Amino acid sequence: MLLRFTKMHGLGNDFMVLDLVSQHAHILPKHAKQWGDRHTGIGFDQLLIVEAPSNPEVDFRYRIFNADGSEVEQCGNGARCFARFVLDKRLTAKRQIRVETKSGVIELDIRSDGQISVNMGAPRLVPADIPFQAPEQAASYALDVDGKTVEIAAVSMGNPHAVLRVNDINNAPVHELGPKIEHHPRFPARVNVGFLQVIDRTRAQLRVWERGAGETQACGTGACAAAVAAISQGWMDSPLLIDLPGGRLSIEWAGPGHPVMMTGPASRVYEGQVRL
Ligand SMILES: N[C@H](CCC[C@H](N)C(=O)O)C(=O)O
């Protein structure tokens, strides 16, 4: 069968978006892996699937697969593209929508200026909720990586993130340390790894080695996790701006127990069809 899809991106973090409300198919991890290949497939960082909700209080269900085929709990840049997609495809007329994900319900708001704001929910900082192996919760943790000690913050935005502070983002060891921390035994579900250079109390630069995708042009949940880490450690104040290689996100967080708000763009690139 032929499936229609839309290629989209949020600040260069790119997605294949599949409408399984008006189409019917059973997507498996192998499909994400096959279609995600940038040489023999469509090529993307994540596959986003739009489904009818299982809960009447919610407008849609949102499933996310990394390019390596792993299904994951959350994708922030993808959430903004999700909102743009369901409105443009007339799957809804609402500009504020509630979406069910593997890690809970998020709220998306398509603003009149075209930017999309997402209530990403409250960050989870208890090690067992991340999941991260640590005797107790702390603002930062010493991680042994090949005999060297690396200081990280550990934050879940529904998906796990390790955040390291660096002095020079352009020379950060993203491709050397990223994969080693992604697969570190203290992160039993693997982890996304953010490298953060604080510019001043309201601006920072970030690069992210994503679990299951490698370094991406931008990572929405990574920007949220980095903001939570920076505010928690007293390096920065909310609201703040995070500049990633693909562009800028605005993040607000009022502190523990409060939701993280993320605002940024979403872009459509082309429409396609793929044979299942
Ligand atoms: N690689 C992530 C999923 C995509 C997150 C990212 N693309 C975002 O915008 O949040 C993970 O395995 O948890």
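In short, a report on the structure. (Residues numbered from 1 in each chain as written. Predicted model: local features only at pLDDT ≥ 70, side-chain atom pairs only at ≥ 80, totals over all residues. Heavy atoms only, no water.)

Neighbouring the ligand are 15 residues; Asn 13, Gly 76, Glu 210, Arg 211 and Thr 221 lie closest to it. At 2.9 Å, a backbone N or O of Asn 77 approaches an oxygen atom of the ligand. With the chains in place, 100% of the 360 Å² that the ligand exposes on its own is no longer accessible. In this structure, the ligand is accommodated by the largest cavity. Where the shell around the ligand is concerned, the elements lending two or more residues are α2 (76-88) and α4 (220-232). For the shell around the ligand, the residue count by class is three nonpolar, 10 polar and two charged. (Near = heavy atom within 4 Å. Polar contact = N/O pair within 3.5 Å; in protein donor to acceptor, adjacent residues only side chain to side chain. Areas by Shrake-Rupley, 256 points an atom, 1.4 Å probe, with all protein chains shown as cover. 1 Å grid on protein atoms, 1.4 Å probe; cavity = no way out; pocket = protein on both sides within 12 Å on 5 of 7 lines; lining within 4 Å. Sits in = over half its atoms within 2 Å of the grid points. Helix = DSSP H or I, 4+ residues; strand = E, 2+ residues; numbered from the N terminus. Nonpolar A, V, L, I, M, F, W, Y, C, P; charged D, E, K, R; others polar.)

Residues Tyr 62, Phe 82, Leu 108, Leu 196, Ile 242 and Ile 251 are the most contacted members of the largest nonpolar core, which totals 57 residues. Counting residues per element, this core draws most heavily on α4, at nine residues. Excluding residues within four positions of it along the chain, Ile 242 makes contact with Leu 196, Ala 204, Leu 206, Ala 223, Gly 247, Arg 248, Leu 249 and Ile 251. Within the second largest apolar cluster, 21 residues are counted, among which are Ile 169, Val 174, Val 193 and Phe 195. (Core = buried A, V, L, I, M, F, W, Y, C linked by side-chain atoms within 4.5 Å. Buried < 20%, exposed > 50% of the residue type's maximum accessible area, 1.4 Å probe, protein only. Contact = heavy atoms within 4.5 Å.)

Overall, the coordinates contain five aromatic pairs when judged by the stated rule. Plain terms: the ring middles of Phe 5 and Tyr 270 are 6.0 Å apart, the flat faces sit at 75° to each other, and that makes the pair edge-to-face. In this pair, Phe 5 sits in strand β1 (residues 2-10) while Tyr 270 sits in strand β18 (residues 267-275), placing the two residues 265 residues apart along the sequence. Residue classification places Tyr 270 among the partly exposed residues on the basis of a relative accessible area of 36%. Ring centres of Phe 132 and Phe 187 lie 4.6 Å apart, and the angle between their planes is 25°; on these two criteria the pair is classed as stacked. Pair noted here: Phe 132 is in the loop between β8 (116-119) and β9 (141-145) and Phe 187 is in the loop between α3 (174-182) and β12 (192-200), with a separation of 55 residues, a long-range link. Each member of the pair Phe 132 and Phe 187 is classed as buried. (Phe/Tyr/Trp six-rings, centres within 6.5 Å; stacked < 30°, edge-to-face > 60°.)

Turning our eyes to something else, we now look at the pattern of salt bridges. Using the criterion set out here, one finds 21 salt bridges in the structure. We note a salt bridge from Glu 51 to Arg 63, for which the minimum N-O separation is 3.6 Å. Residue Glu 51 is found in strand β3 (residues 46-51), and its partner Arg 63 is found in strand β4 (residues 60-66); the two are separated by 12 residues along the sequence. For Glu 51, a relative accessible area of 14% gives the class buried. Residue Glu 271 is joined to Lys 89 by a salt bridge in which the shortest nitrogen-to-oxygen separation is 2.9 Å. Remark: Lys 89 occurs in the loop between α2 and β6 (96-101) and Glu 271 occurs in strand β18; sequence separation between them is 182 residues. (Salt bridge = Lys/Arg side-chain N within 4 Å of Asp/Glu carboxyl O.)

Next up on the list: the pairing of β4. For β4, the tally of buried residues reaches six of seven residues, placing the bulk of the element in the interior. As defined by bridge partners, β4 adjoins β6 across two bridges and the pair is classed as parallel. Its bridge partner lying in β6, Phe 60 is registered against Val 99. Bridging between β4 and strand β5 (residues 71-72) involves two bridges; their strand directions are antiparallel. Bridge pairing links Phe 65 to Glu 71 in β5. In textbook terms, the turn of a hairpin is the stretch between consecutive antiparallel strands, and for β4 and β5 this stretch comprises four residues, one of which, Gly 69, has a positive phi near 95°. (Pairing = 2+ DSSP bridges.)

Worth remembering: the numbers are spatial, not functional.
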